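So you can see what is in the structure, the chains are spelled out below.
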Amino acid sequence: MAPPSISPSALHAVQTRLIAQAVASNAGEAIVTELCEGLIAAGIPLWRFSLSVPAIDPLLRGMSLAWRRGEGLALFPAMHGPEGEKSYTGSPIAWLKDNDREVVRWRLDGTEAPDLPLLSELRAAGATDYLLHLVGFAPGNAIEGAGLSFSTDRAGGFTPEERDALSGLVPTIALVTAKLTVSHTLREVASTYLGPAAAERVLSGETRRGQSAVVPAAILLVDLRGFTALADRDDPLKVVGWLDEHFDALGKPVRRHGGEILKFLGDGFLAVFSVADSDAPACPACAGALAAAKEALVRNDELNAARREQGLPTLEADIVLHFGPVVYGNVGTDRRLDFTVIGRAVNEASRIERLCDALDRPLLISDAFARRCAVPLTEVGAFELRGIERAQRVWALR
């Protein structure tokens, strides 16, 4: 029996909805799902569709979104490193690039397809035909293009009419993919370099100098003791690698307990925990900051212990917890801005941090933070701080 004919009107409707959805939404998964279901309704015997794009991301080299009839969508991230490289080199996309081609069709119910892991997997699952298109985007960054694949499990594979129909849709799918990819990349890059909350504000339109607000915040300031001496005597690339290990140990608890790192300060960083109600007697933000500080010191000690076993240098961490109003927003020149926090509270935290070494205390807590802290503390003393009018009481954990 001949395959059913394709409905041109249904196919056109799929194309129209695809463009309309991409203009109105960044919900890539929903858009891909409707595309695939629409193709089936138009008479295309689609069994699987995949969309693969490279990424500008510190953890991911790329991402694939695969839809399969009866199963829905699945995400397949490709990580940086040996495993991600191995996965890519054995992929149909790499095969196409190596052979300088933009389109390929492989019948999977015969022997013409190359020996690639994905094709073997699809063949074993019942696929009979596989189409792959590579589309290029405008040059200038790492998002150089995308791979679009279509598979069917119908005996005999796709007909010429069906292949032509899918090829005709590729430019539209590519345009939608480019839009979704750029939108996703913009958010991921902004979040990576600014932090999620700051990125959200920038992308919502806060991009002018002077767009700032005074907000209450719990402040967590970290400094690595002895880093300057280490940087002076060791290989700089190794030193940066060690520094990143410490930032991982110290920074992950901040994120886990609701804080956000706003700025790396050479051998330390500044993080804030947003305060919803500055007058409330119980302060969840301060509790989160204290929990993050305690966990960060434990993780840093564990890292140092592992480094000692390997005969590598160690770095002790000093942490200060403070509470107060900060100016949160855009600071800088007219064309080069930094979305950060500044203000007296930040300066006070920096002054208190200098006491950690002198007092041999890895964690010091300001009086303003201590008044909002629910755990027992020990007063270390009152200290004159440079540039601060009154002596500041400083506390530590018991």
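Residues numbered from 1 in each chain as written. Predicted model: local features only at pLDDT ≥ 70, side-chain atom pairs only at ≥ 80, totals over all residues. Heavy atoms only, no water.

Q: Please clarify how the overall build of the protein chain should be interpreted in this entry.
A: Of regular secondary structure, the protein chain possesses 12 helices and 14 strands. What you see for the protein chain is a C-alpha radius of gyration of 28 Å, clearly larger than the 21 Å of a compact globule of 398 residues, by over 25%. When each of the 398 residues of the protein chain is scored for burial, the buried share is 45%. Sequence-distant contacts in the protein chain: of pairs separated by 6 or more residues, those separated by 24 or more amount to 61%. As displayed, the protein chain has an accessible area near 20,400 Å², and 55% of this comes from carbon and sulfur atoms. Both charge centroids of the protein chain, one from 41 positive and one from 50 negative side chains, sit 3 Å from each other. (Helix = DSSP H or I, 4+ residues; strand = E, 2+ residues; numbered from the N terminus. Rg over C-alpha atoms; globule rule 2.2 N^0.38 Å. Buried < 20%, exposed > 50% of the residue type's maximum accessible area, 1.4 Å probe, protein only. Contact = heavy atoms within 4.5 Å. Areas by Shrake-Rupley, 256 points an atom, 1.4 Å probe, with all protein chains shown as cover. Lys, Arg positive; Asp, Glu negative; His and termini not counted. Charge placed at Lys NZ, Arg CZ, Asp CG, Glu CD.)

Q: Can you help me understand the packing of helix H1 (residues 8-24) against helix H2 (residues 28-41) in this one?
A: What describes two packed helices is the angle between their axes and the distance between those same axes. Direction vectors running N to C along H1 and H2 enclose 175 degrees, while the axes themselves pass 9 Å from each other. In this view, H1 runs roughly antiparallel relative to H2, as classed from their interaxial angle. Facing Leu 11, Val 14, Arg 17, Leu 18, Gln 21 and Ala 22 of H1, the residues of H2 in contact are Ile 31, Glu 34, Leu 35, Gly 38 and Leu 39. (Axes fitted to C-alpha atoms, helices over the stretch in contact; angles between N-to-C directions. Parallel < 35°, antiparallel > 145°, perpendicular 65-115°, else oblique.)

Q: Teacher, can you tell me more about the pairing of strand S8 (residues 260-264) here?
A: The two faces of the sheet receive side chains in turn, since in a regular strand these alternate between them. Pairing of S8 with strand S9 (residues 268-274) involves 4 bridges; the strand directions are antiparallel. Note that in S9 the partner of Phe 264 across the bridge is Phe 269. Between S8 and S9, which pair antiparallel in sequence order, lie 3 residues; one of them, Gly 266, sits at a positive phi of approximately 75 degrees. (Pairing = 2+ DSSP bridges.)

Q: I'm lost on the pairing of strand S6 (residues 145-152) in this one. Help?
A: Among the 8 residues that make up S6, 8 are buried, leaving the element largely enclosed by the rest of the structure. With burial as the criterion, each face of S6 is covered, one bearing Gly 145, Gly 147, Ser 149 and Ser 151 and the other bearing Ala 146, Leu 148, Phe 150 and Thr 152. Strand direction decides the pairing type here: strand S1 (residues 48-54) and S6, joined by 5 bridges, are antiparallel. Of the residues in S6, the one forming a bridge with Ser 52 is Gly 147. As defined by bridge partners, strand S5 (residues 129-136) adjoins S6 across 8 bridges and the pair is classed as antiparallel. Bridge pairing in S6 places Leu 131 opposite Phe 150.

Q: Looking at this structure, how should I read empty space enclosed by the protein?
A: Counted by the stated rule, this structure contains 2 cavities of 30 Å³ or more. As a volume, the largest cavity reaches approximately 60 Å³. Residue lining of the largest cavity: Leu 18, Ile 31, Val 32, Leu 35, Phe 49, Leu 51, Ile 173, Val 176, Thr 177 and Leu 180, and that is the complete set. Listed by contribution, the elements that provide at least two residues to the lining of the largest cavity are H2, S1 and helix H6 (160-194). Sorting elements by how many residues they give to the lining of the largest cavity places H6 first, with 4 residues. (1 Å grid on protein atoms, 1.4 Å probe; cavity = no way out; pocket = protein on both sides within 12 Å on 5 of 7 lines; lining within 4 Å. Points joined across faces, edges and corners; volume = space filled by probe spheres on them.)

Q: Help me understand the sheet that holds S1 in this model?
A: Strand pairs in the sheet, formed through backbone hydrogen bonds, run parallel or antiparallel to each other. One open sheet holds the 6 strands; their spatial order is S3-S2-S1-S6-S5-S4, and the pairing between them is antiparallel. Since the sheet does not close on itself, it has two edges, and those belong to strand S3 (72-79) and strand S4 (103-107), each with one partner. With strand direction ignored, the average angle separating the axes of adjacent strands in the sheet is 15 degrees.

Q: Whenever I open this one, the side chain of Thr 177 confuses me. Can you help?
A: Along the chain, Thr 177 turns up in helix H6. Setting aside its immediate chain neighbours within four residues, Thr 177 contacts Leu 51, Val 53, Phe 137, Ala 146 and Leu 148.

Q: What is the right way to look at the packing of aromatic side chains in this model?
A: Two descriptors summarise a pair of aromatic rings, namely the distance from one centre to the other and the angle between the planes of the rings. The full count for this structure, using the stated rule, is 7 aromatic pairs. For the pair Trp 106 and Tyr 130, a centre-to-centre distance of 6.1 Å together with 10 degrees between the ring planes defines the contact as stacked. Of this pair, Trp 106 sits in strand S4 while Tyr 130 sits in strand S5, and the two are 24 residues apart along the sequence. Here Trp 106 and Tyr 130 have matching classes, each one buried. Taken together, the ring pairs connect Trp 95, Trp 106 and Tyr 130 into an aromatic cluster. Sitting above the plane of the Phe 323 ring, Arg 372 keeps its charged end 4.1 Å from the centroid. (Phe/Tyr/Trp six-rings, centres within 6.5 Å; stacked < 30°, edge-to-face > 60°. Lys NZ or Arg CZ within 6 Å of the ring centre and 35° of its normal.)

Q: Explain the pattern of salt bridges here, please?
A: For the coordinates displayed, the defined rule picks out 22 salt bridges. A salt bridge links Arg 17 to Glu 34; its shortest N-O distance comes to 2.9 Å. Remark: Glu 34 occurs in helix H2 and Arg 17 occurs in helix H1; sequence separation between them is 17 residues. Owing to a relative accessible area of 36%, Arg 17 belongs among the partly exposed residues under this scheme. On the basis of relative accessible area, Glu 34 is assigned to the partly exposed category, the value being 30%. Sharing partners across several salt bridges, the network here consists of Arg 225, Asp 318, Asp 357 and Asp 360. (Salt bridge = Lys/Arg side-chain N within 4 Å of Asp/Glu carboxyl O.)

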